[in-house]
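Breakdown of the fold
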Amino acid sequence: MKIEKVMVIGAGQMGSGIAQVCAQAGYDVILNDLNVQLTEHGKNTIRCNLLRQVNKGRMKSEEMEAILSLISLSTNLADGRDADLVIEAAIENMEIKTQIFRTLDKITPEHTILASNTSSLPITEIAAATNRPQKVIGMHFMNPVPVMKLVEIIRGLATSNEVYETIEKMTKTLEKVPVEVNDFPGFVSNRILMPMINEAIFTLYEGVAEKEAIDEVMKLGMNHPMGPLVLADFIGLDTCLYIMETLHEGLGEDKYRPCPLLRKYVKAGWLGKKSGRGFYEYK
């Protein structure tokens, strides 16, 4: 299997980052979202990321323009009819993802690999929405995509060895490190990270310490680059809650029960940095 053209569905923070690294690796990229404003915002995010590299002397302006020229914008999934690989980076919702994959299965050629950037949902269930489960796989990039090296590669129950090897090889061309992970709720990264964040929220909820103190303990005592409550704000508290609910439902253990304070903040619309307020306030 040879990958030359990649469609990325979702032009948000994750999708635009995935599109950027694919274009930087020389792939023709179609960046898709629901409307023109979203796709243009995604491409502008990529331009700003690359411009920072130019301003730091790490890239020439000609290189930046060459990368941007490889990215075309789309608001129609049918534009992926010639793609060799589609990477879905839509909202973390099983109903939405399965509908996208059901549509892609009808539109794309038989050889096309369908990948999901889901951070917690089962690849096997997503694959079941298609007639090509052997060609469905998980590619969980880390945020921010252009910086972070890890990609969790998740096999569904039916994912073929050929598809896995193709995606593993392609991931390396993006200058990322692929790590094989089995199809369990939360995979490895979020199965470990999210309960830690949830426990930090419980620590605040129960009055053990103030938020600043909790974050300082983890930064200075555990050498984490940022505290868990700041990190939760950057991830998005709604995303944290959704992943914890997925872990709780999928693994059935009380240790994955979301903290009531997390639920309260999400209901209040305090979603973190993206809404201007979470555990901390942002201008």
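Residues numbered from 1 in each chain as written. Predicted model: local features only at pLDDT ≥ 70, side-chain atom pairs only at ≥ 80, totals over all residues. Heavy atoms only, no water.

**Quick look at the sheet that holds strand β4 (residues 85-88)**
- Reading across from one edge, β3-β2-β1-β4-β5-β6-β7-β8 is the order of the 8 strands in this open sheet, with mixed pairing throughout. Of all strands in the sheet, those bounded by a partner on one side alone are β3 (71-74) and β8 (177-181). Across this sheet, the average inter-strand angle for adjacent strands is 25°, counted without regard to direction.
- Pairing of strand β1 (residues 5-9) with β4, which is carried by 4 bridges, proceeds in the parallel orientation. Note that in β4 the partner of valine 8 across the bridge is isoleucine 87.
- Along the sheet, helix α1 (residues 13-24) makes contact with β1, β2 (28-32), β3, β4 and β6 (136-141), crossing β2 at roughly 170°. (Pairing = 2+ DSSP bridges. Helix = DSSP H or I, 4+ residues; strand = E, 2+ residues; numbered from the N terminus. Axes fitted to C-alpha atoms, helices over the stretch in contact; angles between N-to-C directions. Contact = heavy atoms within 4.5 Å.)

**Quick word on the packing of helix α8 (residues 211-222) against helix α9 (residues 228-235)**
- Two elements in contact, α8 and α9, have axes whose closest approach is 7 Å; the angle formed by their N-to-C orientations is 100°. Taken together, the axis directions place α8 and α9 in an arrangement best described as roughly perpendicular. Contacts from Lys211, Ile214, Asp215 and Met218 in α8 reach Pro228, Leu229 and Val230 in α9.
- Across the contact of α8 with α9, the residue classes tally to 5 nonpolar, no polar and 2 charged. (Parallel < 35°, antiparallel > 145°, perpendicular 65-115°, else oblique. Nonpolar A, V, L, I, M, F, W, Y, C, P; charged D, E, K, R; others polar.)

**Examining the packing of α9 against helix α10 (residues 237-251)**
- Between α9 and α10, the shortest axis-to-axis distance is 6 Å and the interhelical angle comes to 100°. Looking at the two axes, α9 sits roughly perpendicular to α10. Taking contact as the criterion, the partners of Ala232, Asp233 and Ile235 in α9 are, on α10, Leu237, Thr239 and Cys240.
- Considered class by class, the residues forming the contact of α9 with α10 number 4 nonpolar, 1 polar and 1 charged.

**Describing the environment of valine 163**
- Of note, valine 163 is situated in helix α6 (residues 161-173).
- Between the C-alpha atoms of valine 163 and methionine 7, which are 156 residues apart in sequence, the distance is 17 Å.
- For valine 163, the residues in contact, after removing those within four places along its chain, are Met1, Ile113, Gln134, Lys135 and Ile137.

**Some words on the nonpolar core**
- Counting 37 residues, the largest nonpolar core has Leu85, Met139 and Phe141 as its most contacted members.
- Sorting elements by how many residues they give to this core places α1 first, with 6 residues.
- Sequence-distant contacts of leucine 85, that is, excluding residues within four places in its chain, are made with Ile3, Lys5, Val6, Met7, Thr112, Ile113, Ala115, Met139, Ile167 and Met170. (Core = buried A, V, L, I, M, F, W, Y, C linked by side-chain atoms within 4.5 Å. Buried < 20%, exposed > 50% of the residue type's maximum accessible area, 1.4 Å probe, protein only.)

**Looking at the state of the cysteines**
- Per the stated rule, a full pass over the model turns up 0 disulfides.
- As a non-bridged cysteine, cysteine 22 has cysteine 48 as the owner of its nearest cysteine sulfur, 19 Å distant. (Disulfide = S-S within 2.5 Å.)

**Side note on the pattern of salt bridges**
- Applying the stated rule across the entire model yields 13 salt bridges.
- With its nearest N and O atoms 3.6 Å apart, the salt bridge here joins aspartate 254 to arginine 257.
- Owing to a relative accessible area of 55%, aspartate 254 belongs among the exposed residues under this scheme.
- Counted as one network, the salt bridges with shared partners bring together Glu88, Glu92 and Lys97. (Salt bridge = Lys/Arg side-chain N within 4 Å of Asp/Glu carboxyl O.)

**Notes on the packing of aromatic side chains**
- Here the structure, examined in full by the defined rule, presents 4 aromatic pairs.
- With 6.3 Å between their ring centres and 70° between their planes, phenylalanine 202 and tyrosine 205 make a pair best called edge-to-face. Residue phenylalanine 202 and its partner tyrosine 205 are both found in helix α7 (residues 189-205); the two are separated by 3 residues, about one turn of the helix.
- In this structure an aromatic cluster arises from ring pairing among Tyr265, Trp270 and Phe279.
- The positively charged end of lysine 211 is found above the aromatic ring belonging to tyrosine 280, 5.5 Å away from the centroid.
- The residue whose ring lies beneath arginine 277 is tryptophan 270, and the NZ or CZ to ring-centre distance is 3.7 Å. (Phe/Tyr/Trp six-rings, centres within 6.5 Å; stacked < 30°, edge-to-face > 60°. Lys NZ or Arg CZ within 6 Å of the ring centre and 35° of its normal.)

**Points about the domain arrangement of the protein**
- For the protein, the assigned domains are domain 1 (5-182) and domain 2 (190-274).
- Taken together, the contacts link 7 residues of domain 1 with 4 residues of domain 2.
- Considering only the surface of domain 1 that becomes buried against domain 2, Glu92, Ser119 and Ser120 emerge as the three largest contributors, covering 63% of it.
- Run the count over domain 1 and domain 2 and you get 0 salt bridges. (Domains from an automatic or database assignment. Buried area = accessible area lost by both parts, 1.4 Å probe.)

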